[in-house]
Amino acid sequence: MSTATQEAVHRPPPADPAQYRPGRTITRWSPEDPAFWRSTGKRVATRNLWIAVPALLVAFVVWQVWSITATNLQDVGFGFSQSQLFWLTAVPGLTGGTARIFYTFLGPRIGQRRFTALSTVVLIVPLLWLGFAVQDTSTPYATMVMIAALCGMGGANFSSSLANIGFFYPKQEKGNATGINGGLGNLGVCVVQLLTPVLITSSVLAVGAGQKKANGSETYLQNAAFVWVPVLGVLAAVAWFGQNDLKVASTPFSRQKSIFKRKHNWLMTYLYVGTFGSFIGFAAALPLLIKTTFPAYSVATYAWMGPALGALARWAGGWIADKLGGARVTILSFVGMAGSITGVTAFLPAGSGRGSFTGFFLCFLAAFFFSGVGNGSTFRQIPVIFRGQHLKGLAEGTPQYADALRQAEIESGAVTGFTAGIAAYGFFFIPAMFANFSVTSAMWGFVAFYASCVVVAWWFYARPGAEAPS
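Because the structure is predicted, anything quoted here is derived from the model rather than measured. (Residues numbered from 1 in each chain as written. Predicted model: local features only at pLDDT ≥ 70, side-chain atom pairs only at ≥ 80, totals over all residues. Heavy atoms only, no water.)

Participant: How should the overall build of the protein be read in this particular structure?
Facilitator: Secondary structure assignment for the protein yields 19 helices and four strands. Here the protein has a C-alpha radius of gyration of 23 Å; the compact-globule value for 470 residues is 23 Å, and the two agree. For the protein, the C-alpha atoms occupy an extent of roughly 80 × 50 × 35 Å along the three principal directions. Evaluated residue by residue, the protein yields a buried proportion of 59% over its 470 residues. Contacts in the protein between residues at least 24 apart in sequence constitute 81% of all its contacts with a sequence separation of at least 6. When the accessible surface of the protein is totalled, it reaches about 17,700 Å², and 65% of it is carbon and sulfur. Measuring between centres, the 32 positive side-chain charges of the protein sit 2 Å from its 15 negative side-chain charges. (Helix = DSSP H or I, 4+ residues; strand = E, 2+ residues; numbered from the N terminus. Rg over C-alpha atoms; globule rule 2.2 N^0.38 Å. Buried < 20%, exposed > 50% of the residue type's maximum accessible area, 1.4 Å probe, protein only. Contact = heavy atoms within 4.5 Å. Areas by Shrake-Rupley, 256 points an atom, 1.4 Å probe, with all protein chains shown as cover. Lys, Arg positive; Asp, Glu negative; His and termini not counted. Charge placed at Lys NZ, Arg CZ, Asp CG, Glu CD.)

Okay, structure coming up:
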């Protein structure tokens, strides 16, 4: 390989290291160059990753705050029906999924540092509004819906965060890096479900008057929102001063929009709807599902466990997929999810039978685990698929190879964000299905969908002679 060709594939970083300091824009970035990665790249990428993780985690807290808040509204005097409460938990998924699509293309264009700081600080607005609204039981339902819609913006941060972080890492470490970012970010779901029941009992943290429950005890629902306001301000400042913008990730929409012509964008979106859509939808619906189906059991005690397991399993899923191949792990996750949800239906109350909460809950934990594994493996598949498609038939080291590799990276980042955007609608549709159909009917619909995902993953990505092995 000639020297000129090597530079076309792996451009060396400039001698001046100042651009790699916190808060700077990086103009040259070569993670596939082993020498650069060891000397500079890994350190800078790690710093950007570990600033992104807590910002994404708290964004998920904002996105999911209604999953617990809604379970307490009737107790303090709000006259909303069960169906209305399910809709309040669903609305953030609708706005979050839609905003994710835009964030996918805006994030890399604006830059990781700028966009993380901006998208984090704006979440203070819906939290302040929520904190004041829950203190007044005459707050109209339409106002609550508007607040829930704005809280959905927290879920949009996921697409921009993962699309940007992917640019920092070499091919062999993308699965692990996105697994850490996405998995620990997803922990925001269990954090809000674990801490909110504790926070709302504290008069010390309260800003404003408490709300009386029917049993005479006092609660402070505003704490679920107000506590996170200063945290968001600090995280936004840390991102602004501590992260970097990658010039290589600043891509015009004209080069990203090509993903809408790619068949594998739509196929991977379908699969990710099955994994992440299930994870986030079940996380949103489970607290109310426990309260309405097994009212003798505490939502605060159990609801957070499933999202925690799923979030940690995502990290494991990315790592395992790096070793065994993404498609195989994805198929395993869908088989596991189908079996788990079948088990959930078997333990639901039916007729005069009271069902089994233990069986119901353990099967739900298994569903969360397999969805998390699938979240990690599908995101590992995407860069592998698009590299394979773009580099097919090209000789390594040629200018054409370098151009194709660059376009593959651009499209992989865009597809990662876009699939995450569409899959986020699971947050909306799963609670909405429970609001409009019987729980059993909804569960069997999920099982049928998972079976179709197994077929898609096997045919296109895992079988011998598959079109895009990954």
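Participant: Just to check I follow, could you spell out the packing of aromatic side chains for this structure?
Facilitator: Two aromatic rings are characterised by how far apart their centres lie and by the angle between their planes. Tallied over the entire structure, the rule returns 44 aromatic pairs. Residues Phe60 and Phe158 carry aromatic rings whose centres are separated by 5.8 Å and whose planes lie at 75° to one another, so their mutual orientation is edge-to-face. Of this pair, Phe60 sits in helix 2 (residues 34-73) while Phe158 sits in helix 7 (residues 153-168), and the two are 98 residues apart along the sequence. There is no split in this pair, since Phe60 and Phe158 are both buried. Between the NZ or CZ atom of Arg113 and the centre of the ring of Trp240, over which it lies, the distance is 4.4 Å. (Phe/Tyr/Trp six-rings, centres within 6.5 Å; stacked < 30°, edge-to-face > 60°. Lys NZ or Arg CZ within 6 Å of the ring centre and 35° of its normal.)

Participant: Help me understand the environment of Ala225 in this model?
Facilitator: Following the sequence through the fold, Ala225 ends up in helix 9 (residues 223-226). The exposure class of Ala225 is buried, given its relative accessible area of 1%. Taking C-alpha positions, Ala225 is 8.0 Å from Val62, a pair spaced 163 residues apart along the chain. Setting aside residues up to four positions removed in sequence, Ala225 forms contacts with Leu127, Leu130 and Gly131.

Participant: Before we go on, may I ask you to explain the nonpolar core in this structure?
Facilitator: Across soluble globular proteins, nonpolar side chains show a tendency to be buried alongside one another. By size, the foremost hydrophobic cluster in this structure holds 129 residues, and its most contacted members are Trp29, Trp66, Phe360 and Phe434. Examining the composition of this core, we find that 20 residues originate from one element, helix 2, more than from any other. If we skip the residues at most four places from it in the chain, Trp66 touches Leu73, Leu88, Thr89, Pro92, Leu130, Met144, Ile147, Ala148 and Cys151. (Core = buried A, V, L, I, M, F, W, Y, C linked by side-chain atoms within 4.5 Å.)

Participant: Hey, could you run me through empty space enclosed by the protein in this one?
Facilitator: Picture a little ball the size of a water molecule; that probe, rolled over the atoms, points out where space is still empty. If you walk through the whole model with that rule in mind, you get two cavities of 30 Å³ or more. One number sums up the size of the largest cavity: a volume of about 150 Å³. Around the largest cavity, the lining is made up of 13 residues, and of these Gly166, Lys174, Ser412, Gly413 and Thr416 lie nearest the centre. Breaking the lining of the largest cavity down by element, the ones donating at least two residues are helix 7, helix 8 (171-199), helix 16 (357-391) and helix 17 (399-423). In terms of lining residues, the second largest cavity is bounded by 13 residues, among which Ala55, Thr116, Ser119, Asn157 and Ser161 are the most central. Going through the elements one at a time, helix 2, helix 4 (112-121) and helix 7 are the ones with two or more residues in the lining of the second largest cavity. Top contributing element to the lining of the second largest cavity by residue count: helix 4, with five residues. Of the residues that constitute the lining of the second largest cavity, the class distribution is five nonpolar, eight polar and no charged. (1 Å grid on protein atoms, 1.4 Å probe; cavity = no way out; pocket = protein on both sides within 12 Å on 5 of 7 lines; lining within 4 Å. Points joined across faces, edges and corners; volume = space filled by probe spheres on them. Nonpolar A, V, L, I, M, F, W, Y, C, P; charged D, E, K, R; others polar.)

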